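Listed below, chain by chain, are the residues.
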Amino acid sequence: MPEPSVIPEHGWHVGHYFYRFRRDCLDAPLSAELCEQFCAALAPGDKDMPKRLASYWISGHDADFGFVVMDPDPAKVEGVHQALLAPGIGRWIEPAWSFISVSEVSEYVPTVEAYRARLIREGATPDTPELDAKVTAYERRLPMMNRNRLEPEFPEWPSACFYPMNKSRVPGANWFTEPFSHRNQMMAEHAQSGMAFAGKVSQLISVGVGLDDWEWMVTLWGRNPQYLKDIVYKMRFDEASAKYGEFGPFYVGYRANGDEILQHCRMKG
């Protein structure tokens, strides 16, 4: 048996955290000392810095700002949250929502053998140089693609949206009673829709099963917020979403460091 550990065997811990400033308690902008503490919480030193961290100011009244964080060590993921709620700045910040998950390689990512079989089903001629070339190229790409699913770099793009989702269990549309072959087919269609936005939208799908109230968390980064609207609209027509998707609250944010968040939210004097 493996040694007991908080480090996942595959993937990293993922945290999505959202907050509001307690304007009902504030009669003036935050002091310079509190602003410095806030910025330091969102930019930890080398010892406490997670592998991935990006912060955003959030549109709408549900939250003022939030951040996405990833690391093998859950203490580093949670550490940013605790630094924001520490005595001092924590008095003026109220948690709005959070989601805890881990990154994974989906069971619907085709193996090399399954990829070959799918190409043949779609009309490729078996035992041809053309088919072999496509399969070889996929085999070379697969380790990198899986690494990007488990340990993705966060793109330096200006907009992002975040939302949790479940797969339906209602009579007549119970995802978990469908045979794997049907689920796999639906997810292949879903993936194909997303590929139309390559270079415009990047995603992270992390799993919250056993860790939080929803089963998955979707993070979409966009070169432009228009692309976020377009991809979510397009993919909702896929059977996997139209029949089986259940969606939680949406948060839309724009990339910003601590000082930019304070200025946007009118917290600095």
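These remarks concern the structure in this document. Just so it is clear, the structure is predicted and the values come from calculations on it, not from any experiment. (Residues numbered from 1 in each chain as written. Predicted model: local features only at pLDDT ≥ 70, side-chain atom pairs only at ≥ 80, totals over all residues. Heavy atoms only, no water.)

### Let's talk about the overall build of the protein chain
For step 1, the next point in the chain: Regarding its fold elements, the protein chain presents eight helices and eleven strands.
For step 2, the next point in the chain: Taking the principal axes of the C-alpha coordinates as reference, the protein chain spans close to 70 × 40 × 35 Å.
For step 3, the next point in the chain: With 269 residues in all, the protein chain has 41% of them scored as buried.
For step 4, the next point in the chain: Long-range contacts, defined as pairs at least 24 residues apart, comprise 77% of the intrachain contacts of the protein chain with a sequence gap of at least 6.
For step 5, the next point in the chain: A total of about 14,700 Å² of accessible surface is found on the protein chain, and carbon and sulfur atoms cover 53% of it.
For step 6, the next point in the chain: Seen as two clouds, the 28 positive and the 36 negative side-chain charges of the protein chain have centres 5 Å apart. (Helix = DSSP H or I, 4+ residues; strand = E, 2+ residues; numbered from the N terminus. Buried < 20%, exposed > 50% of the residue type's maximum accessible area, 1.4 Å probe, protein only. Contact = heavy atoms within 4.5 Å. Areas by Shrake-Rupley, 256 points an atom, 1.4 Å probe, with all protein chains shown as cover. Lys, Arg positive; Asp, Glu negative; His and termini not counted. Charge placed at Lys NZ, Arg CZ, Asp CG, Glu CD.)

### Structural notes on the pattern of salt bridges
Pairing is possible between side chains of opposite charge, provided their charged atoms come close.
For step 1, the next point in the chain: In the structure shown here, the tally under the stated rule is eleven salt bridges.
For step 2, the next point in the chain: Measuring nitrogen to oxygen at the nearest pair gives 2.7 Å for the salt bridge that ties R23 to D64. You can see R23 sitting in the loop between β1 (13-21) and α1 (32-41) and its partner D64 sitting in the loop between β2 (52-58) and β3 (65-71), a full 41 residues away along the chain.
For step 3, the next point in the chain: Judged by relative accessible area, which is 12%, D64 ranks as buried.
For step 4, the next point in the chain: In this structure, K47 and D48 form a salt bridge, with 3.6 Å as the shortest nitrogen-oxygen distance.
For step 5, the next point in the chain: Judged by relative accessible area, which is 44%, D48 ranks as partly exposed. (Salt bridge = Lys/Arg side-chain N within 4 Å of Asp/Glu carboxyl O.)

### Quick notes on the environment of Y138
For step 1, the next point in the chain: Note that Y138 resides in helix α4 (residues 129-150).
For step 2, the next point in the chain: Y138 sits 52 residues away from H190 along the chain, and the two C-alpha atoms are 19 Å apart.
For step 3, the next point in the chain: The residues touching Y138, leaving out its near neighbours within four places in the chain, are V109, P110, T111, V112, Y115 and M145.
For step 4, the next point in the chain: Within the structure, Y138 has its side chain in polar contact with the backbone oxygen of P110 (distance 2.6 Å). (Polar contact = N/O pair within 3.5 Å; in protein donor to acceptor, adjacent residues only side chain to side chain.)

### Examining the packing of aromatic side chains
For step 1, the next point in the chain: Inspection of the entire model under this criterion finds 21 aromatic pairs.
For step 2, the next point in the chain: Ring geometry for F18 versus Y251: centroids 4.2 Å apart, planes at 15°, classification stacked. Here F18, found in strand β1, pairs with Y251, found in strand β11 (residues 251-255); they are 233 residues apart in sequence, far enough to count as distant.
For step 3, the next point in the chain: Judged by relative accessible area, which is 6%, Y251 ranks as buried.
For step 4, the next point in the chain: Connected via pairs of aromatic rings, a cluster forms that spans Y17, Y19, F21, F38, F65 and F67. (Phe/Tyr/Trp six-rings, centres within 6.5 Å; stacked < 30°, edge-to-face > 60°.)

### What about the pairing of strand β4 (residues 93-103)?
For step 1, the next point in the chain: With nine bridges joining them, β1 and β4 adopt antiparallel strand pairing. Bridge assignment links H13 to a residue of β4, and that residue is V102.
For step 2, the next point in the chain: With two bridges joining them, β4 and strand β8 (residues 201-207) adopt antiparallel strand pairing. Across the sheet, the residue bridging to S103 is S206, located in β8. (Pairing = 2+ DSSP bridges.)

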